[in-house]
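Here is what each chain is made of, one letter per residue.
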Amino acid sequence: MWAINHSLAVLGWDTETHMPEAGARPRGIASGQLAVMVQRATIELDGLVGKAEKAKDLDDTERGVVRVLRRSLDYFLKVPPKLVDEIQRVTTEATVVWRTARKKSDFKLFRPHLDKIIQLERKVADKLGYEKHPYNALLNLFEEGFTVRDADAVYSRLIPESKKILAKVASAGVYPSKHPLESKKYETAAMERVNEGVLEMLKMPKEKFRMDVSTHPFTTGIARDDVRITTRYEGVNFKATLFATIHESGHAIYHLGIDKKLAYAPTGDGASYGIHESQSRFWENVVGRSREFVGLVDPLLRKNLPFLSGYDDEQLYYYFNTVRKSFIRVEADELTYNFHTALRYEVEKKAIAGEAKVAELPELWNDTFEEYLGMRPKNDAEGVLQDVHWSGGSFGYFATYTLGNVVLGMIWHKMRDGELVRGAVGRGDLMELRGWLGREIHQYGATYAPKDLQMRVFGEAYNPERLLKYLNTKFVG
Ligand code: MG
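Definitions and limits used
Starting from 1, residues in each chain are numbered consecutively following that chain's sequence as written. Local features are withheld for residues below a pLDDT of 70 in this predicted model, meaning they are given only at 70 or higher, and side-chain atom pairs are given and counted only at 80 or more; totals for whole chains, interfaces and linings count all residues. Water and hydrogen atoms were dropped before computing side-chain values, which therefore reflect all heavy atoms in the structure. As used in this record, nonpolar core signifies buried Ala, Val, Leu, Ile, Met, Phe, Trp, Tyr and Cys residues forming a set joined through side-chain atoms within 4.5 Å. In this scheme, a residue with accessible area under 20% of its type's maximum is buried, one over 50% is exposed, and one in between is partly exposed, where area comes from a 1.4 Å probe on protein chains only. Between two residues, a contact is recorded if the distance between any of their heavy atoms is within 4.5 Å. Only DSSP runs of H or I covering at least 4 residues are called helices, and only runs of E covering at least 2 are called strands; the numbering of each starts at the N terminus. Expected helix span is computed as 1.5 Å times (number of residues minus one). Only Phe, Tyr and Trp rings are paired, with Trp represented by its six-membered ring, and only when their centres lie within 6.5 Å; those with planes under 30 degrees apart are stacked, over 60 edge-to-face, the remainder tilted. Both a distance and an angle decide whether a charge sits over a ring: NZ of Lys or CZ of Arg must be within 6 Å of the ring centre and within 35 degrees of the ring normal. For two strands to count as paired, DSSP must find a minimum of two bridges between them. Interaxial angle, 0 to 180 degrees, is taken between N-to-C directions of lines fitted to C-alpha atoms, where a helix line uses only the stretch in contact. Reported orientations rely on four angle classes, namely roughly parallel under 35 degrees, roughly antiparallel over 145, roughly perpendicular from 65 to 115, and oblique for the rest. Throughout, the ten residues Ala, Val, Leu, Ile, Met, Phe, Trp, Tyr, Cys and Pro are labelled nonpolar, Asp, Glu, Lys and Arg are labelled charged, and all others, Gly among them, are labelled polar. Metal donors: N, O and S atoms at distances within 2.8 Å, or within 3.2 Å for Na, K and Ca, with water omitted from the atom set so that some sites may seem incomplete. What counts as a salt bridge is simple: a side-chain nitrogen of Lys or Arg found within 4 Å of a carboxyl oxygen of Asp or Glu. Here a polar contact is recorded for every N or O atom pair within 3.5 Å, except that within protein the pair must consist of a potential hydrogen donor and a potential acceptor, and residues adjacent in sequence are included only if both atoms are side-chain atoms.

Engineer: If you had to explain the nonpolar core to someone new, which residues and values would you point to?
Structural biologist: Generally speaking, soluble globular proteins have nonpolar side chains that are buried together. Within the largest apolar cluster, 130 residues are counted, with the highest numbers of intra-cluster contacts made by F238, F282, W283, L361 and L433. Aside from chain neighbours lying at most four places away, what touches F238 is Y186, M191, L301, L305, F307, L308, L316, Y319 and F320. Counting residues in hydrophobic clusters, the runner-up holds five residues, among them V49, L58, V66 and L73.

Engineer: Outline helix α8 (residues 148–172), listing residues and values.
Structural biologist: Here α8 is 25 residues long and its end C-alpha atoms lie 35 Å apart, about the 36 Å a rise of 1.5 Å per residue gives. Within α8 the residues assigned to the buried category are V148, A151, V154, Y155, L158, I159, E161, S162, I165, L166 and V169. Of the residues flanking the end of α8, it is G173, one or two places downstream, whose phi is positive at about 70 degrees.

Engineer: Account for the packing of aromatic side chains, naming residues and giving values.
Structural biologist: Using the criterion set out here, one finds 26 aromatic pairs in the structure. Considering the side-chain rings of F238 and F307, the 6.1 Å spacing of their centres and the 55 degrees angle between planes classify their relative orientation as tilted. Taken together, the positions of F238 in the loop between β3 (226–231) and α10 (239–256) and F307 in the loop between α12 (291–304) and α13 (313–320) put the pair 69 residues apart, joining distant regions of the chain. An aromatic cluster of at least three residues, connected via ring pairs, comprises F142, Y273, Y337, Y397, F398 and Y401. Sitting over the face of the ring of W13, R228 holds its NZ or CZ atom 4.5 Å from the ring centroid.

Engineer: Break down the sheet that holds strand β2 (residues 219–223) for me, with residues and values.
Structural biologist: Spatially, the three strands line up as an open sheet ordered β1-β3-β2, and their pairing is mixed. Unpaired on one side and paired on the other, β1 (209–213) and β2 mark the two borders of the sheet. Across the sheet, the mean angle from the axis of one strand to that of its neighbour is 25 degrees, orientation sign disregarded. As judged from the five bridges shared by β1 and β3, these two strands associate in the parallel manner. Bridge pairing links F209 to V227 in β3. Set on the sheet, helix α1 (residues 2–17) makes contact with β1, β2 and β3; between it and β2 the angle comes to about 145 degrees. α10 contacts β1, β2 and β3 of the sheet and is inclined by roughly 165 degrees relative to β3.

Engineer: Give a description of the packing of α12 against helix α17 (residues 419–427) that names residues and reports values.
Structural biologist: Where α12 meets α17, the closest approach of the two axes is 8 Å, and the angle between their N-to-C directions is 10 degrees. Between α12 and α17, the crossing angle belongs to the class labelled roughly parallel. Here E292, F293 and L296 of α12 come into contact with α17, specifically with R422, V425 and G426. In terms of residue class, the contact of α12 with α17 is made up of three nonpolar, one polar and two charged.

Engineer: So, the coordination of the magnesium ion: which residues are in play, and what are the values?
Structural biologist: Surrounding the magnesium ion are the protein donor atoms H247 (NE2), H251 (NE2) and E277 (OE), which sit 2.3 to 2.4 Å from the metal. Within one chain, the residues serving as donors to the magnesium ion are arranged as H-x3-H-x25-E. In this pair, H251 sits in helix α10 while E277 sits in helix α11 (residues 273–287), placing the two residues 26 residues apart along the sequence. Take H251: its relative accessible area is 10%, and that puts it in the buried class.

Engineer: Can you tell me about the pattern of salt bridges, naming the residues and giving the values?
Structural biologist: Going through the model one piece at a time under the given rule, you end up with 41 salt bridges. Among the ionic pairs, R427 bridges to E432, the shortest N-O distance being 2.5 Å. Judged by relative accessible area, R427 falls into the exposed class, the value being 55%.

Engineer: Could you give an account of the packing of α12 against α13, with specific residues and numbers?
Structural biologist: Across the interface, α12 lies against α13 with an axial gap of 10 Å and an inter-helix angle of 110 degrees. As the angle between them shows, α12 and α13 are arranged roughly perpendicular. Taking contact as the criterion, the partners of R291, V294, G295, D298, L301 and R302 in α12 are, on α13, D313, E314, L316, Y317, Y318 and F320. Split by residue class, the contact of α12 with α13 holds six nonpolar, one polar and five charged.

Engineer: A description of the environment of K451 should follow, citing residues and the corresponding values.
Structural biologist: With respect to the element layout, K451 can be found in helix α19 (residues 450–458). Take K451: its relative accessible area is 26%, and that puts it in the partly exposed class. K451 sits 40 residues away from I411 along the chain, and the two C-alpha atoms are 14 Å apart. Ignoring sequence-local partners within four residues, the contact set of K451 consists of G145, D150, A461 and Y462.

Engineer: Explain the side chain of Q454 to me, and be specific about the residues and the numbers.
Structural biologist: Residue position: Q454 is located in helix α19. At 2.6 Å, the side chain of Q454 and the backbone nitrogen of Y462 are in polar contact.

Engineer: Give a description of unusual backbone geometry that names residues and reports values.
Structural biologist: Excluding glycine, residues mostly carry a negative phi; peptide bonds, for their part, are mostly trans. Despite not being glycine, S105 has its phi angle at roughly 50 degrees, a positive value. Relative to the assigned elements, S105 resides in the loop between α5 (81–104) and α6 (107–128). The partly exposed category is assigned to S105, whose relative accessible area is 23%. The phi angle at K132 is positive, at roughly 70 degrees, despite the residue not being glycine. As for its position among the elements, K132 is in the loop between α6 and α7 (134–142).

Read these as layout, nothing more, since geometry by itself doesn't imply function.
Here is the structure:
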């Protein structure tokens, strides 16, 4: 199973980075066949896993392996292959239609496809089984043990408090909503040198790591000692490629820190989407957007980007930290990001429960956006149609972005309200932070379920108060 998954990872990486366009069809066939092989191999383990679950003398590492296998088994045994195939077929077509619908900003084109996808997702939830809310079954696919109750608890604190912080930031006028550096053009070769320099600062090991270019930056752990990231160059607004590189490096550092003994085990991956995202966002936001990091990266930036001569480090810091309400999630900053995921969470929850009809989703989207951020999308393209996720059948994913932020807050708090970060980054000793994260989180891989891991490290799970304190400290002071 490890070998097949390894092969799938290499194929997936190649698809996004080097494959010529016409390779898509054979690649789809090969990947599909391999996915079926993983499914068969997993199902064969049912009896063994059942036996192992009854064993009394397992240690934590072994129990982790059994738990992770049971999670895959659960999915493959409960969701019939016919349903998986149908979802595959419907979403492949829906993704094509979604692209056109977004271009034309016309939700009606996408509506029948989305309607079908929601029905299928609801079927998956019914097959998997759930307590209280069908959406719980889908949330659990992305974040083990995470429920509507947990999400409601997180957002009911984050949303009203973030509104307050945002209002204070707006009235103080210290953090700008726009910065002239956002429209400065750069040479790709110059930013390639900067990104390479940043990878050196992060001590990314050359023999186990590489970086390529793709349309959407991503990280893939092909093996414990073969981790790859991508970034992208748009030729303008250099912070976008800089922070994409740091973000993906954060994911890569997680992979590289997993204990050797888990290298070929089912637990040799991150604990969950939320925990993974906490690592990328910790490096991107807590480290990368700090004053200390500006000081650290300053010589590298000035050497390669001559247009920076008119801007001091304080200016750079504010360029890295513009705060602006935007309709588009991927353009959102640290302060406004969680509104975007909260909105999607609310819309998905109601759609899956059948409390909102598909035809009503654009209105529901726009009403909720207005309630959160006080402005209303003018069309479907900047509203309900902006993300690819639904066309691919990903329901229950968006909340994990915010869980990444929430856990990042807990890490910041545990690092003595950021004192450890300021010290280490100030001294240029980023290995100290890698060491801390490695000891507390990375080494275990998926040995512990995300809530259990958090209880071990922090003595609490998904506590939004830490993130709020981090945001208040940084943006309000
Ligand atoms: Mg990420």
